[in-house]
Amino acid sequence: MNEFAKPQAGCHREIVRLDGVSYAYDSQTILSDVSFKILERDFVGLIGANGAGKTTLLRMIVGLTRPQQGSITLFGKPASQFKEWNDIGYVPQRSHFNPLFPATVREVVLSGMYGRQKLFRRLSKTDIGRSEDALGAMKIGDLANKKIGALSGGQQQRVFLARALINNPKLLILDEPLTGIDVETQQSFFHMIKHMHQRHNITFLMVSHDMEMVRSYLGQEPKERSGKLSFYVRHSHDLDDCDGTDLLHSLRKEG
Ligand SMILES: Nc1ncnc2c1ncn2[C@@H]1O[C@H](COP(=O)(O)OP(=O)(O)OP(=O)(O)O)[C@@H](O)[C@H]1O
């Protein structure tokens, strides 16, 4: 049994481990020998200049790109053997989304469930119930039948977060979630994810350009630097109980 799978191993188990990860596009080296650990309940802010390789690093952690050198371990397993992808929620940069995509909010949220095994399955009542919970938790139930492209940036961001939350992930990865939305919406969004970090057993990895918000929560100095990347970290000790909660149900209950 690996360390992560041991019961009662505490709340500080390694969720992600990067060992000497390198990546180049053609001959341009983007990431060179990056090593870093994310522990359960950490909130990691990943900061770096444009083109520093932040998105490439996130894509490697969610299994969309393979490191050319080095290794990635997820929940104690080599990434190549890792299968529990529903434990990782990923919200890519919104700028990569085509606003003409012809789907409703509910359809976008439900598509978070079409993991590899569910792609061709009919949706069960439970699936529909979970999508309603995700919509309710993000307070976008009233937008369920609207076309995603018709929403504001902040509303779209809530839809993508609901999509990522539908499987009750243990790790949430957000790529610049605050970009392109107005300051007030940014603050309420950041408040919401801080709440999820402090009150629920959920671990975050977030790329952000907003240093003020990152520093206000994660401290003035990065825990580690690697090349052009800086990793700011805050660990949550707020919960005594190590067990995860069903995030959607509890968020909804809290209103
Ligand atoms: N598929 C690709 N083919 C070639 N070069 C790429 C590809 N994807 C990214 N790059 C280049 O690699 C570099 C790192 O890209 P990446 O998107 O990982 O950086 P980033 O830190 O997320 O940047 P940004 O803050 O601009 O989003 C950039 O110079 C980018 O142009």
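Residues numbered from 1 in each chain as written. Predicted model: local features only at pLDDT ≥ 70, side-chain atom pairs only at ≥ 80, totals over all residues. Heavy atoms only, no water.

An unreviewed UniProt entry lists the protein chain under the name Metal ABC transporter ATP-binding protein, with Cohnella suwonensis as the source organism. What UniProt states about the protein chain under its Sequence similarities (unreviewed entry) heading is, verbatim, "Belongs to the ABC transporter superfamily." (UniProt positions renumbered as here; feature names shortened; annotations may be inferred.)

Caption draft 1: Structural context of a nonpolar patch on the surface. Side chains of Tyr114, Leu123 and Ile128 sit close together on the surface and give an oily, nonpolar patch of about 230 Å² of accessible area. Following the sequence through the fold, Ile128 ends up in helix α3 (residues 125-137). Using a relative accessible area of 36% as the deciding quantity, one classes Ile128 as partly exposed. (Patch = residues over 30% accessible without salt bridge, like charges linked within 9 Å, V, L, I, M, F, W, Y side chains within 5 Å. Areas by Shrake-Rupley, 256 points an atom, 1.4 Å probe, with all protein chains shown as cover. Salt bridge = Lys/Arg side-chain N within 4 Å of Asp/Glu carboxyl O. Helix = DSSP H or I, 4+ residues; strand = E, 2+ residues; numbered from the N terminus. Buried < 20%, exposed > 50% of the residue type's maximum accessible area, 1.4 Å probe, protein only.)

Caption draft 2: Summary view of the sheet that holds strand β1 (residues 14-25). In space, the 4 strands of this open sheet follow the order β2-β1-β4-β5, with antiparallel pairing throughout. Either end of the sheet is taken by a strand with one partner, and the two such strands are β2 (28-39) and β5 (77-78). Of the strand pairs in this sheet, β1 and β2 are connected by 8 bridges, and their pairing is antiparallel. When the bridges of β2 are listed, Leu18 appears paired with Phe36. Along the sheet, helix α1 (residues 54-61) makes contact with β1, β2 and β4 (69-74), crossing β1 at roughly 125°. (Pairing = 2+ DSSP bridges. Contact = heavy atoms within 4.5 Å. Axes fitted to C-alpha atoms, helices over the stretch in contact; angles between N-to-C directions.)

Caption draft 3: Expanded view of the environment of Ile88. Structurally, Ile88 is set in strand β6 (residues 88-91). When the C-alpha atoms of Ile88 and Asn168 are compared, they prove to be 8.7 Å apart, with 80 residues separating the residues in sequence. Leave out the neighbours within four places in its chain, and Ile88 touches Ile61, Val62, Leu74, Phe75, Phe82, Pro169, Leu171 and Ile173.

Caption draft 4: Structural detail: the nonpolar core. Counting 41 residues, the largest nonpolar core has Met138, Leu161, Ile193 and Met196 as the members making the most contacts within it. Among the secondary structure elements, those contributing two or more residues to this core are β3 (42-47), α2 (105-111), α3, α4 (153-165), β7 (171-175), α5 (183-199), β8 (203-207) and α6 (211-218). By residue number, the principal contributor to this core is α4, which donates 6 residues. Counting 32 residues, the second largest nonpolar core, distinct from the first, contains Val44, Ala52, Leu74 and Val233. (Core = buried A, V, L, I, M, F, W, Y, C linked by side-chain atoms within 4.5 Å.)

Caption draft 5: Region of interest: unusual backbone geometry. Located in the positive-phi region is Phe75, a residue other than glycine, with phi close to 50°. Tracing the chain through its elements places Phe75 in the loop between β4 and β5. Residue Phe75 is classed as buried on the basis of its relative accessible area of 6%. Positive phi values are uncommon outside glycine, yet Asn168 reaches one of about 55°. As for its placement among the helices and strands, Asn168 is situated in the loop between α4 and β7.

Caption draft 6: Highlighting the site of the ligand. For the ligand, the set of nearby residues contains 13 residues, the closest of which are Gly51, Gly53, Lys54, Thr55 and Thr56. Between the ligand and Asn50 there is a distance of 3.0 Å, counted from an oxygen atom to a side-chain nitrogen or oxygen. Contact with the protein chains hides 60% of the accessible area of the ligand, taken as 640 Å² for the molecule alone. In terms of residues, the shell around the ligand owes the most to one element, α1, which gives 3 residues. Residue composition of the shell around the ligand, grouped by class: 4 nonpolar, 7 polar and 2 charged. (Near = heavy atom within 4 Å. Polar contact = N/O pair within 3.5 Å; in protein donor to acceptor, adjacent residues only side chain to side chain. Nonpolar A, V, L, I, M, F, W, Y, C, P; charged D, E, K, R; others polar.)

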